[in-house]
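Now for the letters of each chain:
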Amino acid sequence: GINGVGKSNIMSLIAMAFGKKGARIAGGNFFPHFDEYFIITEEEYNQQSENKYEAYLKISTKNGIIQKRLGLKNDIDEGRGIRTLPRSTNFFTPNETIKYVEEETKENFNIGDSGRIPIPTIFISLSRLFPMGETKLKEKSINVNNEIIKEGIIKKYIEWYNRVLPLSIDINKYKVSNIKKVVNANGRIHVELKGSDARTESVGEDNLGTIITALVDFFYLKQKQQNDYTGGILCIDEVDASLHPSAQIRLFELLEELSDELKLQILLTTHSITILEKIIKKENRDFDNYRLAYILDPKTPRIKDNIKSIDDIKADMYDENVYYKPIIKVCLLYTSPSPRDATLS
């Protein structure tokens, strides 16, 4: 959908219902916090008595559903800002009491009233696009004897990075570090590209490094947990930002492949026709595993139905009014004085 329609907000609310403790390679964890990415002022919070901010989420599992109501909590006095909490709700089963739903969820899934669904989750926000040459960086070299190099994590990073931007990293000669921008909540792995260092990378190259870091985080988690690994959730805001269309296609294909290999559910927001065309074609072939939610009109947001091709949303994307010429079927019967000469056209 267009700017301001709520794509990032929806995705962030979904992400805040999930999370599991555990350290990521370059800092941070698999437990995203709303106030790390978004700000709600106290004035806006105080107005919610008139326009209550709530979102309802239904999570389908093999053992039934989990229901969560995402509301706001003011923790400014505790230094945590205004954040979202996933409370129990009976929104999707109104015939049941909230107390019953809460007890059933606790018994079946060991998730309390304000507990998150315990799935490792990473939310990649647009703060990653702040140019590294225009912000303060903290960079720490990673020694060749480090565990992530010994266990092949960096080789996997290079393999996936070069899949999207071919020949960017020399597989036989590279320098590895952990970098963190002061504007970011989390750091990322940095493997030096040919002919550049951390400060001279393009925004697109930097963006890709953040996404690949998240993927190797899940790869490493899977290696460590072995049979206990249950997959994760990866959310990427504006996945196409700063990437050439050919790189967008290769990144989409990499994400598609790793969603199976690493058992990931991946949520993306995008304005890219390239990405939209890919997901529409995938959805037409495999509706269970690929979905496009195209949101119309920021004043009265709603999901557009029956998208079968990119042509179905181009008018909205380009603010065009489309007029369809009606197909007129004409049957002309002409009868001559002689039946033998009668024609039908």
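Residues numbered from 1 in each chain as written. Predicted model: local features only at pLDDT ≥ 70, side-chain atom pairs only at ≥ 80, totals over all residues. Heavy atoms only, no water.

Caption draft 1: A look at the overall build of the protein chain. When its secondary structure is counted, the protein chain shows 9 helices and 15 strands. A principal-axis box enclosing the C-alpha atoms of the protein chain has dimensions of 100 × 60 × 45 Å. Counting every position in the protein chain, which comprises 345 residues, the buried fraction comes to 42%. When contacts within the protein chain are restricted to residue pairs at least 6 apart in sequence, those whose partners lie at least 24 apart make up 67%. For the protein chain, the accessible surface area stands at approximately 20,100 Å², while carbon and sulfur atoms represent 49% of it. Here the protein chain contributes 48 positive and 49 negative side-chain charges, whose respective centroids are spaced 3 Å apart. (Helix = DSSP H or I, 4+ residues; strand = E, 2+ residues; numbered from the N terminus. Buried < 20%, exposed > 50% of the residue type's maximum accessible area, 1.4 Å probe, protein only. Contact = heavy atoms within 4.5 Å. Areas by Shrake-Rupley, 256 points an atom, 1.4 Å probe, with all protein chains shown as cover. Lys, Arg positive; Asp, Glu negative; His and termini not counted. Charge placed at Lys NZ, Arg CZ, Asp CG, Glu CD.)

Caption draft 2: Here's a closer look at the nonpolar core. Judged by nonpolar contacts, the single largest core of 40 residues is most densely connected at Tyr-157, Trp-160, Ile-212, Leu-215 and Leu-234. Looking at this core, the elements with two or more residues in it are strand E6 (121-124), helix H5 (153-164), strand E9 (188-191), helix H6 (203-225), strand E10 (232-236) and helix H7 (245-261). For this core, the leading source of residues is H6, giving 10 residues. Not counting residues within four places of it along the chain, the set of residues in contact with Trp-160 comprises Ile-212, Leu-215, Val-216, Phe-219, Leu-254, Leu-258, Glu-261 and Leu-262. In terms of nonpolar packing, the next biggest core, distinct from the first, is built from 23 residues, Ala-17, Tyr-37, Leu-72 and Phe-123 among them. (Core = buried A, V, L, I, M, F, W, Y, C linked by side-chain atoms within 4.5 Å.)

Caption draft 3: The packing of H6 against H7, seen in detail. The geometry of H6 relative to H7 is characterised by a closest axis approach of 12 Å and an angle of 15 degrees between their N-to-C directions. The angle between H6 and H7 places the two elements in the roughly parallel class. At the point where H6 passes H7, the crossing takes the left-handed sense. Between H6 and H7, the contacting residues are Leu-208, Ile-211, Ile-212, Leu-215, Phe-219 and Lys-222 on the first element and Leu-251, Leu-254, Leu-255, Leu-258 and Glu-261 on the second. (Axes fitted to C-alpha atoms, helices over the stretch in contact; angles between N-to-C directions. Parallel < 35°, antiparallel > 145°, perpendicular 65-115°, else oblique. Left-handed = near helix turned anticlockwise from the far one by under 90°.)

Caption draft 4: Expanded view of the pairing of E9. Neither face of E9 is left uncovered, since the one carrying Arg-188 and His-190 and the one carrying Ile-189 and Val-191 both have all their residues buried. With 4 bridges joining them, strand E8 (residues 176-181) and E9 adopt antiparallel strand pairing. Residue Ser-177 lies in a different strand from E9, and its bridge partner there is His-190. Between E8 and E9, which pair antiparallel one after the other, the connecting turn spans 6 residues. (Pairing = 2+ DSSP bridges.)

Caption draft 5: Geometry of the packing of aromatic side chains. What the rule picks out here adds up to 5 aromatic pairs. Centroid distance Phe-91 to Phe-92: 5.1 Å. Interplanar angle 85 degrees. Geometry classified as edge-to-face. On the numbers, 5.9 Å between centres and 20 degrees between planes, the contact of Tyr-157 with Tyr-161 is stacked. Taken together, the positions of Tyr-157 and Tyr-161, both in helix H5 and 4 residues apart, correspond to about one turn of that helix. Members of the aromatic cluster, each reached through a chain of ring pairs, are Tyr-56, Phe-91 and Phe-92. A cation over an aromatic ring shows up here: Lys-21 above the ring of Phe-31, its NZ or CZ 5.5 Å from the ring centre. Between the NZ or CZ atom of Arg-291 and the centre of the ring of Phe-287, over which it lies, the distance is 3.6 Å. (Phe/Tyr/Trp six-rings, centres within 6.5 Å; stacked < 30°, edge-to-face > 60°. Lys NZ or Arg CZ within 6 Å of the ring centre and 35° of its normal.)

Caption draft 6: Expanded view of the pattern of salt bridges. As enumerated under the stated definition, the model contains 13 salt bridges in all. Put simply, Arg-83 and Asp-75 hold a salt bridge, and the shortest N to O gap is 2.3 Å. Neither Arg-83 nor Asp-75 differs from the other in exposure class; each is buried. A salt bridge links Glu-256 to Lys-282, with the shortest nitrogen-to-oxygen separation between them at 2.8 Å. With Glu-256 in helix H7 and Lys-282 in helix H8 (residues 273-285), the pair connects residues that are 26 residues apart, well separated along the chain. One salt-bridge network, in which partners are shared between bridges, spans Lys-181, Arg-188, Glu-201 and Asp-206. (Salt bridge = Lys/Arg side-chain N within 4 Å of Asp/Glu carboxyl O.)

Caption draft 7: Here's a closer look at the side chain of Thr-210. Relative to the elements of secondary structure, Thr-210 occurs in helix H6. In this structure Thr-210 comes out as buried when scored by relative accessible area, which is 14%. Among residues more than four places away in sequence, those in contact with Thr-210 are Ile-124, Arg-128 and Arg-188.

Caption draft 8: Inspection of the environment of Lys-222 at higher detail. Residue position: Lys-222 is located in helix H6. On the basis of relative accessible area, Lys-222 is assigned to the partly exposed category, the value being 31%. Excluding anything up to four places from it in sequence, Lys-222 contacts Tyr-229, Glu-261 and Leu-262.

Caption draft 9: A look at unusual backbone geometry. Notably, Glu-238 is not glycine yet its phi reads approximately 50 degrees, a positive angle. Take Glu-238: it is sitting in the loop between E10 and H7.

Caption draft 10: Here's a closer look at the sheet that holds strand E11 (residues 264-268). One open sheet holds the 3 strands; their spatial order is E6-E10-E11, and the pairing between them is parallel. Strand pairing shows two members of the sheet lacking a second neighbour, E6 and E11, which therefore form its edges. Averaged over all adjacent pairs, the angle separating strand axes in this sheet is 10 degrees, with direction ignored. In this fold H7 packs onto E10 and E11, with an angle of close to 150 degrees to the strand it touches most, E11.

Purely geometric stuff here, so don't read any function into it on its own.
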